[in-house]
Amino acid sequence: AAELAEGHDAIALEAQILVAVLLRDRSQIDQAGALLDRIEARLAALPHGGGVTAVRAMRARADWLESKNRHTESRPMYDAVIAKAIGIQGSDSLIAARTRISAAWSRATTDDVAGTSRYLEAGLEVLRRLGHEHRIEAALLTATFARYRSRGLQIPYSEALAAIAAARAEIAATGRPVVSEV
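Anyway, here's the lowdown on the structure attached to this text.

## As for the packing of aromatic side chains
Each pair of aromatic rings is reported with the distance of its centres and the angle of its planes.
Here is step 1: A complete count under the given rule lists 2 aromatic pairs for this structure.
Here is step 2: Note on W105 and F145: the rings are 3.9 Å apart at their centroids and 25° apart in plane angle, and the pair reads as stacked. Residue W105 is found in helix 5 (residues 94-108), and its partner F145 is found in helix 7 (residues 133-151); the two are separated by 40 residues along the sequence.
Here is step 3: A network of ring pairs unites the aromatic residues W105, F145 and Y148 as a single cluster.

Structure below.
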């Protein structure tokens, strides 16, 4: 994809951001970081600063920092991504919503229960407001977080079960099939 986009700066940068994310997801952390360095240098050279593409690159960098357990650097960057995404796309920014979910994961891994809840609820609220497939995404995230937080003893098991039941009901309300309880 990156090769096909050559000559089209915004598209090429978006493709490179995707490659950096995939490298990080495949635990090729150093290669992802080096690619993000090159992307950030190209964005800095653009007269308009890169707009949404720059926000996506910043989000990829925050996730990269998070993958290296550099929470003191990733967390303020997540907040900056959220603010910039809302500034460009408005309060229902999907980038901001998903970044809030990433910020919630960051906090959940370090037992910051209040921070986890604050970011999670703010991200889920936007996903639900966006509707359609985003409501399903919100329900799945609700169930996933409930399971994780219950296993980490951040919330009682009964609260996790209630959240998972509510998520199942939310998915069922969309008319989508829901698997039987296990």
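Picking up after the structure, the text goes on.
## With respect to the pattern of salt bridges
Here is step 1: Scanning the model with the defined rule gives 12 salt bridges in all.
Here is step 2: A salt bridge links R61 to E40; its shortest N-O distance comes to 2.9 Å. Here R61 is found in helix 3 (residues 51-67), whereas its partner E40 is found in helix 2 (residues 29-45), with 21 residues between them in sequence.
Here is step 3: Look at R61 and you get buried, because its relative accessible area is 8%.
Here is step 4: Take E40: its relative accessible area is 29%, and that puts it in the partly exposed class.
Here is step 5: Between R128 and E170 there is a salt bridge, with its nearest N and O atoms 3.2 Å apart. Of this pair, R128 sits in helix 6 (residues 113-130) while E170 sits in helix 8 (residues 157-173); the two residues are 42 residues apart in sequence, bridging distant segments of the chain.
Here is step 6: Judged by its relative accessible area of 30%, R128 falls in the partly exposed class.

Rules of the game
- Residues numbered from 1 in each chain as written.
- Predicted model: local features only at pLDDT ≥ 70, side-chain atom pairs only at ≥ 80, totals over all residues.
- Heavy atoms only, no water.
- Phe/Tyr/Trp six-rings, centres within 6.5 Å; stacked < 30°, edge-to-face > 60°.
- Helix = DSSP H or I, 4+ residues; strand = E, 2+ residues; numbered from the N terminus.
- Salt bridge = Lys/Arg side-chain N within 4 Å of Asp/Glu carboxyl O.
- Buried < 20%, exposed > 50% of the residue type's maximum accessible area, 1.4 Å probe, protein only.

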